[in-house]
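Analysis of the macromolecular model
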Amino acid sequence: MKHSIKLLFITIALIFATATSASALTATYTDLGVPTGINTSFKTYMDYRCVTNTSSPQYRYIHKWGWSDHQGFMRANGERDLGITDDYYLIALGSYYGTTIGTKYRITTDTGRIFYGVLADCKADIHTNWTNQYSFHNDVVEFIVDTNRLNRSVMRMGSANVYMPLNGSIAKVERINFIER
Amino acid sequence: MSLNTEKKYAIKVAKELHYPKDVIEKLKKAKNDFDISRILIDARNKGVTV
């Protein structure tokens, strides 16, 4: 009896500690800029199985946090309690935007769409422009997908731009930092 | 492929890809395959009022 009461108190204390630490954080957004004078609406994709080095941070991140949504895009859970209103898309960006796997971004398109991304892979510098912002198709964002589940129309068009929640040229890329209040 | 079959396919795809309801309505009224393409391209280029 005494033992179970003790366990109950520990559980309550743990729940309280977790809730406090989450609410003590707040999200800040740093605008990183986007390339100008080009149409960045083309959005390429790659299969998550293309990351094969099991000891790489990319592989570990994708396999630890990634899951495939019903359209075949790889996603990671968003922190709803910290103001992230949707789940993250697993994406690859040029090194201009950062190379730390797990970095989170809020991306706005010129059609008014907002989506959240988390860096799960990096584009090689030789595959990007001299500022390392975009690749050969003027694509800033590359989505990591499960091609077995990917929507056939997206696959046929070769671009995730046809999928309305991701539609439009990239107008803003902001890095999300969680800082203590 | 007949116009009706094309329209049905376009509407199915548009629904899957979360195109707005007004686009679906326009697709239903499309007169030829050129119309279908134009409606979908217009929808992609149009700004969204959220």
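Residues numbered from 1 in each chain as written. Chains lettered and ligands numbered in written order. Predicted model: local features only at pLDDT ≥ 70, side-chain atom pairs only at ≥ 80, totals over all residues. Heavy atoms only, no water.

Time to look at unusual backbone geometry. With a phi angle near 60°, A:Asn138 is a residue other than glycine that sits in the positive phi range. Structurally, A:Asn138 can be placed in the loop between β7 (114–122) and β8 (142–145). Even without being glycine, B:His18 reaches a positive phi, approximately 60°. Inspection of the secondary structure puts B:His18 in the loop between α1 (3–16) and α2 (21–28). (Helix = DSSP H or I, 4+ residues; strand = E, 2+ residues; numbered from the N terminus.)

All names here are of chain B. In the contact formed by α2 and helix α3 (residues 33–45), the axes pass within 9 Å of each other and the chain directions differ by 170°. Taken together, α2 and α3 sit at an angle that is classed as roughly antiparallel. For the pair α2 and α3, the contacting residues are Val23, Lys26 and Leu27 in the first and Ile36, Ile39, Leu40 and Ala43 in the second. Of the residues assigned to the contact of α2 with α3, the class counts are six nonpolar, no polar and one charged. (Axes fitted to C-alpha atoms, helices over the stretch in contact; angles between N-to-C directions. Parallel < 35°, antiparallel > 145°, perpendicular 65-115°, else oblique. Contact = heavy atoms within 4.5 Å. Nonpolar A, V, L, I, M, F, W, Y, C, P; charged D, E, K, R; others polar.)

All names here are of chain A. Turning to helix α2 (residues 57–65), its buried residues are Gln58, Tyr61 and Ile62. For α2, the angular spread of the buried residues around the axis is 95°, confining them to a single face. Relative to its buried face, α2 has exposed residues pointing more than 90 degrees away, namely Arg60 and Lys64. Those residues of α2 that are buried lie in contact with β4 (74–76), β5 (88–93), β6 (104–109), β7 and β8. (Buried < 20%, exposed > 50% of the residue type's maximum accessible area, 1.4 Å probe, protein only. Arc of directions from axis to C-beta.)

Right, let's get into the packing of aromatic side chains. In this description, an aromatic ring pair is defined by two values, namely the gap between the centres and the angle between the planes. Residue and element names in this part refer to chain A. Throughout the structure, instances matching the rule amount to eight aromatic pairs over all chains. Each ring, one from Phe73 and one from Tyr89, has its centre 5.7 Å from the other, and the planes form 85°; the classification is edge-to-face. Pair noted here: Phe73 is in the loop between β3 (67–68) and β4 and Tyr89 is in strand β5, with a separation of 16 residues, a long-range link. One aromatic cluster is present, built from ring pairs that chain together Phe73, Tyr89, Phe115, Phe143 and Tyr163. Arg75 extends its terminal NZ or CZ atom over the ring of Tyr89, reaching a point 3.8 Å from the ring centre. Over the ring of Tyr29 we find Arg106; its NZ or CZ atom is 3.8 Å from the centre of that ring. (Phe/Tyr/Trp six-rings, centres within 6.5 Å; stacked < 30°, edge-to-face > 60°. Lys NZ or Arg CZ within 6 Å of the ring centre and 35° of its normal.)

This part takes up the packing of α1(B) against α3(B). Residue and element names in this part refer to chain B. In the contact formed by α1 and α3, the axes pass within 10 Å of each other and the chain directions differ by 15°. The angle between α1 and α3 places the two elements in the roughly parallel class. Once α1 is placed against α3, the crossing between them reads as right-handed. Between α1 and α3, the contacting residues are Leu3, Glu6, Lys7, Ala10 and Ala14 on the first element and Asp33, Ile36 and Leu40 on the second. Of the residues belonging to the contact of α1 with α3, the class tally is five nonpolar, no polar and three charged. (Left-handed = near helix turned anticlockwise from the far one by under 90°.)

Moving on, we come to the nonpolar core. A:Phe73, A:Tyr105, A:Phe143, B:Tyr19 and B:Leu27 are the most contacted members of the largest nonpolar core, which totals 38 residues. Discounting chain neighbours no more than four positions away, the residues touching B:Leu27 are B:Lys7, B:Ala10, B:Ile11, B:Ala14, B:Ile36, B:Ile39 and B:Leu40. Counting 17 residues, the second-largest nonpolar core is a separate cluster that includes A:Val51, A:Tyr61, A:Tyr116 and A:Ala120. (Core = buried A, V, L, I, M, F, W, Y, C linked by side-chain atoms within 4.5 Å.)

So, about the environment of A:Arg106. All names here are of chain A. Among the secondary structure elements, Arg106 is positioned in strand β6. Between the C-alpha atoms of Arg106 and Ser68, which are 38 residues apart in sequence, the distance is 20 Å. Other than its neighbours up to four places away in sequence, Arg106 contacts Tyr29, Ile114, Phe115, Tyr116, Lys172, Val173, Glu174 and Ile176.

All names here are of chain B. Mean pLDDT over chain B stands at 87; residues scoring 70 or higher make up 92%. Per-element averaging of pLDDT across chain B places α3 at the bottom with 90 and α2 at the top with 93. For this predicted complex, the interface confidence comes out at an ipTM of 0.80, alongside a pTM of 0.84. (pLDDT = per-residue confidence, 0-100.)

A word on the state of the cysteines. In this structure the tally under the stated criterion is zero disulfides over all chains. Here A:Cys50 is not disulfide-linked; the sulfur of A:Cys122 is the nearest cysteine sulfur, at 15 Å. (Disulfide = S-S within 2.5 Å.)

Attention shifts here to the interface of chain A and chain B. Listed by partner, the interface residues are 16 residues for chain A and twelve residues for chain B. Around 1,100 Å² of area is buried between chain A and chain B when both sides are counted, 54% of it from carbon and sulfur atoms. It is A:Thr111, A:Val162 and A:Met164 in chain A that bury the most area against chain B; as a group they hold 40% of the surface buried on that side. Counting across the chain A and chain B interface gives zero salt bridges. Put simply, chain A and chain B have five residue pairs in polar contact (both at pLDDT 80 or more) between them. A class-by-class count of the residues in the side of chain A that touches chain B yields six nonpolar, eight polar and two charged. (Buried area = accessible area lost by both parts, 1.4 Å probe. Salt bridge = Lys/Arg side-chain N within 4 Å of Asp/Glu carboxyl O. Polar contact = N/O pair within 3.5 Å; in protein donor to acceptor, adjacent residues only side chain to side chain.)

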